[in-house]
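What follows is the residue order along each chain.
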Amino acid sequence: MKMLINVAETVVADALRGMAAAHPELTVDVERRVIVRRGAPYEGKVGLVSGGGSGHEPLHGGFVGRGMLDAACPGEVFTSPVPDQMVRAAAAVDSGAGVLFIVKNYTGDVLNFDMAAELAEDEGVQVAKVLVNDDVAVVDSLFTAGRRGTGATLFVEKLAGAAADAGAPLDRVAAVARRVNESSRSFGVALSAVTTPAKGAPTFDLPSGELELGIGIHGEPGRERRAMMTSGEIADVVVDAVVEDLQPDGPVIVLVNGMGATPLLELYGFNAEVHRALTERKVPVARTLVGNYVTSLDMAGCSVSICQVDEELLGLWDAPVSTPALRWGC
Amino acid sequence: MKMLINVAETVVADALRGMAAAHPELTVDVERRVIVRRGAPYEGKVGLVSGGGSGHEPLHGGFVGRGMLDAACPGEVFTSPVPDQMVRAAAAVDSGAGVLFIVKNYTGDVLNFDMAAELAEDEGVQVAKVLVNDDVAVVDSLFTAGRRGTGATLFVEKLAGAAADAGAPLDRVAAVARRVNESSRSFGVALSAVTTPAKGAPTFDLPSGELELGIGIHGEPGRERRAMMTSGEIADVVVDAVVEDLQPDGPVIVLVNGMGATPLLELYGFNAEVHRALTERKVPVARTLVGNYVTSLDMAGCSVSICQVDEELLGLWDAPVSTPALRWGC
Amino acid sequence: MNALPSPGSPGSPGSAGATVDADFVRRWLDTATASVDRESERLTELDSPIGDADHGSNMRRGFIAARGAVEQEPPGTPGGVLVLVGRTLISTVGGASGPLYGTLLRKAGKELGDEEAVGADRLRDALRAGVDGVAQLGGASAGDKTMLDALLPAVDALTGALDAGGSLAEGLAAAASAADEGAVATTPLRARKGRASYLGERSVGHQDPGATSAALLVDALAATARDGAA
Amino acid sequence: MNALPSPGSPGSPGSAGATVDADFVRRWLDTATASVDRESERLTELDSPIGDADHGSNMRRGFIAARGAVEQEPPGTPGGVLVLVGRTLISTVGGASGPLYGTLLRKAGKELGDEEAVGADRLRDALRAGVDGVAQLGGASAGDKTMLDALLPAVDALTGALDAGGSLAEGLAAAASAADEGAVATTPLRARKGRASYLGERSVGHQDPGATSAALLVDALAATARDGAA
Ligand SMILES: Nc1ncnc2c1ncn2[C@@H]1O[C@H](COP(=O)(O)OP(=O)(O)O)[C@@H](O)[C@H]1O
Ligand SMILES: Nc1ncnc2c1ncn2[C@@H]1O[C@H](COP(=O)(O)OP(=O)(O)O)[C@@H](O)[C@H]1O
Ligand SMILES: [Mg+2]
Ligand SMILES: [Mg+2]
Ligand SMILES: [Mg+2]
Ligand SMILES: [Mg+2]
């Protein structure tokens, strides 16, 4: 498998150098792997820190900036970052108003952020944590590590970021983040497996004519393999999964997310089917975002995330945001 | 080859329905295949119209909005649109100040836009045309159809769009567009071939361990096939190609563009190498844009475009733009 | 130059005087559409190594639309049908082939004006006018590895056959052979126009898709005359 | 429970009284690092069908860093080395295995305090403390298809062997066999923790990568004792 890389070992460091070169509005510590919004800490503002394995770009580094994250900690590809990174990020963005850790629910992320929270609190930083676990493909039971954090991470980072930007205190920002997570569900579909630089070959075999339903964002196989379907049929399956689980009784924001290698032309076509499917299920759509936001390297496929919103959340969504990958209103 | 589509025949129409659903700020005529900025025509403003085959998204539809295009005409996948679309678009955006057609230099695009210009002028619309032909991989001689229009299309649409937004008259907007094109060069590299919905299989064979240098954006093979190289080596080849041809003696804007299936992680890493290569060749970089902007469906690979800028062009680059795919300053 | 059998002379069916009317052109359109439909994948296949893999679907879309347009409001003259087909191709194909084939047929139709039925010589004039239009619009010459490499020999062969006293069917049969040969002969050529020209030397060794579709269209013309003459 | 051969009793080399000092732990680290390096691809391979294909590179990165850290400033006690290795794993591995293995070794090292050299029983105590730490941090139990399925049997086997009067080398050899068996025995299990749990039934039929790497670490311990005893 060919990749546009130097060697597998330097992929993350190289990308950080490239981010630094492209984004003077960010402070990128390539050595220590922390991306910080220039000017941080902002007086009186709660600091938002997230992070996770690399390979999901633009998540999280592409969401650092006004109205979203203050810092991001990229781990190795598909490997959660280490506590040192989060401790450093927390120190860099804490203005005294405290820091919120936004953690996708994976054993590795949870354990590392937990350790970091302890260490940061030892250093006098007030830390709150919110867990994102929106993936309905995973049965949330005692017999699993719980639902994965996927597309809804964007919702949580955007809406909590807007709350922090508006001056909300830590407990309030954390409460918004939790509410957003509780109001969100996602489901993903893969048309191809993913190839990590370290492995250099697809993580699983997906024969032509088949797709994987209920995939995560780390090249894990899904819950079920099926014969290939049309975009409309896939939309029905995916929308059913999220709507049946969330049971929204009001308008939603919908994210039609590409996994990385699916052309935007196809994603927009899929969005048409997602809108149709939501309309048929009487779910009104307040806002739509289509694009590659929470990706899985070179995987072909898509995921749909919905977040039920009230006036407050919709206002936070529409609030100005200025990051490399999400920008409006400013 | 699996695709997230219904049937090949409806791919473009489906995508337009999806764009309409996602972007209330655009008026999308799905039937007639014209995407128009809501509110157009804008009193006294020159109208900018572009278009081309589909499969290069977000180009051009994703660049319709304030400070960029007023309308876009998407053709079938990799097939230039028909004159009827451009005539309709011109009529929709002409405020009386005239319309600029931004045409990528392909026989099909040139012939169809030429016919459209004649027809639109018959209908009383003043039309100017600018040809984008930035691809240094093609020898510009009597023995070719001339250089292809690729990544620099983004520069032309952005900078001419800003000039029009600032109220410049048609001849001035056209002059800016021509100057931007003359100041720009691009070169692309493919790590994989592309699969069109109509064909359903890769357009050419690219064995593992090899890459294509000097590719276009339509799945055409490149000028030369070489053994796979590192990201740093590729950057040297690509930067040499554009710098030797343009011979810039001042700062440039650089676009590090993904062809569609190359992960952003790799693109950013490549950007680091492009910056290194430009710095070694003493070319100062004024602005950098990294992402999938002028794509070729599911092709893996990248292209680099540079545009030499003076104060005026840099000001136009920094001017507000608000489109689905490019947005800043507003 | 001076065709001996005068146009319109009451010869046997199938002589140079055989009439080409609106119905003839419609039958040609049916045959051509069926042929383009059948060969669509092959045309796209040919457009893959040296193009962008759309020629087959382009032609198919255009001819199906043209047939629909003609069926909906069938013009009464051969020129009228040709102009309508040309216009429809321009409005539905896109790409390089849309304006070029559109021009070929529009110019050919215009040459015939509102004549109700014409003989072989006028058909030749029309084709010559159409092919000139293609050359002018696209700026290509013989040997550039384009549709002209099938079209130019076809018109020349038709002219030669008629000059030698051949019938319409004979002339078009000669034209079809010449077009087929011309299409095949594009293989060793290096492209100088259109997308294939980007490939330079690498365009050598592939048959041009446009020349191939042009040959299909001329073949359909020959078949129409042959079937009409049978 | 009450090991008969008292710790530190001057037995033959290789008896339960054989001492585990800083040098012993350093030699273990060398062996473990070499083994993890050698098996890195296999670990990643095992992490592909039921994980995210990074376990081998995670372990490799961590152990190479740990070895570097220990070489740079070698602690003087076995506990000191273990704590440093554990801390380095936490700071360099990430993922689930980083904090878990880091905790395993940190807790084991802390159990040894600043003792300069310990016998087999204290090593067993240390391992037990480490494994308890893993269970507490990760919340997994035996049979959940995790590294614990190699670690728990290993500590039990070591305990049993020592209780039966075995030497350090014998005890660790028993531990290694038990770890290896435990790792293999994860194959039919359905994962209830970590990434593999997302797969539900589809996790059955694959050996757990973390159990496999845990067995490598215990194997290295046995090899260190064996080589030292030889
Ligand atoms: N300048 C030209 N003159 C004549 N024919 C041309 C010219 N450029 C291209 N063609 C013909 O058009 C064919 C390609 O048509 P098509 O694939 O439908 O359009 P596109 O190249 O825009 O994708 C070529 O094979 C060639 O025969
Ligand atoms: N909760 C847990 N308790 C114990 N071990 C666990 C737990 N979760 C995961 N593991 C172990 O970690 C291994 C995976 O490690 P690794 O691949 O490095 O991390 P990640 O799963 O974050 O990619 C699994 O094979 C399993 O043995
Ligand atoms: Mg991992
Ligand atoms: Mg085309
Ligand atoms: Mg073509
Ligand atoms: Mg893993």
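Residues numbered from 1 in each chain as written. Chains lettered and ligands numbered in written order. Predicted model: local features only at pLDDT ≥ 70, side-chain atom pairs only at ≥ 80, totals over all residues. Heavy atoms only, no water.

A. Representation of the relation of the copies chain A and chain B. By a simple turn and slide, chain A fits onto chain B: the slide is 0.0 Å along the axis, the RMSD is 0.0 Å, and the turn is 180°. Here the transformation between the copies is reduced to the relation of a two-fold axis. Within chain A, the C-alpha atom positioned nearest to the axis of rotation is that of A261 of chain A, 2.0 Å from it. Taken as a fraction of all interface residues of chain A, those also at the interface in chain B reach 100%, which identifies the copy contact as same-surface. (Least-squares fit on C-alpha atoms with pLDDT ≥ 70 in both. Contact = heavy atoms within 4.5 Å.)

B. Focus on the pattern of salt bridges. For the structure on display, the rule yields 80 salt bridges over all chains. The salt bridge partner of E312 of chain A is R172 of chain A, with a shortest N-O separation of 2.5 Å. Of this pair, E312 of chain A sits in helix α8 (residues 311-318) while R172 of chain A is found in helix α5 (residues 170-182), placing the two residues 140 residues apart along the sequence. A salt bridge links E201 of chain D to R190 of chain D, with the shortest nitrogen-to-oxygen separation between them at 3.0 Å. Of the two residues, E201 of chain D sits in the loop between α7 (168-184) and α8 (209-229) while R190 of chain D sits in the loop between α7 and α8, which places them 11 residues apart along the sequence. Judged by its relative accessible area of 36%, R190 of chain D is partly exposed. In the salt-bridge network here, residues are joined through shared partners; they are D14 and R17 of chain A together with D236, D240, E273, R276, E280 and R281 of chain B. (Salt bridge = Lys/Arg side-chain N within 4 Å of Asp/Glu carboxyl O. Helix = DSSP H or I, 4+ residues; strand = E, 2+ residues; numbered from the N terminus. Buried < 20%, exposed > 50% of the residue type's maximum accessible area, 1.4 Å probe, protein only.)

C. Molecular detail of the sheet that holds strand β12 (residues 301-308) of chain B. Residue and element names in this part refer to chain B. In space, the six strands of this open sheet follow the order β9-β8-β7-β12-β10-β11, with mixed pairing throughout. Each edge of the open sheet carries a strand with a single partner, namely β9 (224-227) and β11 (285-291). Sheet twist, expressed as the mean angle between neighbouring strand axes with direction ignored, is 20°. By the bridge criterion, seven bridges tie strand β10 (residues 252-258) to β12 in an arrangement that is antiparallel. (Pairing = 2+ DSSP bridges. Axes fitted to C-alpha atoms, helices over the stretch in contact; angles between N-to-C directions.)

D. Quick peek at the interface of chain C and chain B. In this complex, chain C contributes 31 residues to the contact, which on the side of chain B involves 36 residues. Carbon and sulfur atoms make up 55% of the area that chain C and chain B hide from each other, which totals about 2,600 Å². Together, R195, Y198 and R202 of chain C form the three largest contributors to the area buried by chain C at its contact with chain B, with a combined 27%. E45 of chain C is the partner of K199 of chain B in a salt bridge, and the nearest nitrogen-oxygen pair spans 2.9 Å. Inspection of the region where chain C meets chain B yields 13 residue pairs in polar contact (both at pLDDT 80 or more). Contributions of two or more residues to the side of chain C that touches chain B are made by α1 (22-50), α2 (55-72), α3 (78-92) and α4 (97-112) of chain C. With four residues, the top contributor of residues to the side of chain C that touches chain B is α1 of chain C. In the side of chain C that touches chain B, the residues fall into 11 nonpolar, 13 polar and seven charged. (Buried area = accessible area lost by both parts, 1.4 Å probe. Polar contact = N/O pair within 3.5 Å; in protein donor to acceptor, adjacent residues only side chain to side chain. Nonpolar A, V, L, I, M, F, W, Y, C, P; charged D, E, K, R; others polar.)

E. Region of the structure containing the environment of G95 of chain C. For G95 of chain C, the position within the fold is in the loop between α3 and α4. Among all residues touching G95 of chain C, those that are not within four sequence positions of it are T79, S80, G108 and N112 of chain B.

F. Highlighting a negative patch on the surface. Together, E118, E121, D122 and E123 of chain A give the surface a local cluster of negative charge. For E118 of chain A, the position within the fold is in helix α3 (residues 107-122). (Patch = residues over 30% accessible without salt bridge, like charges linked within 9 Å, V, L, I, M, F, W, Y side chains within 5 Å. Areas by Shrake-Rupley, 256 points an atom, 1.4 Å probe, with all protein chains shown as cover. Lys, Arg positive; Asp, Glu negative; His and termini not counted. Charge placed at Lys NZ, Arg CZ, Asp CG, Glu CD.)

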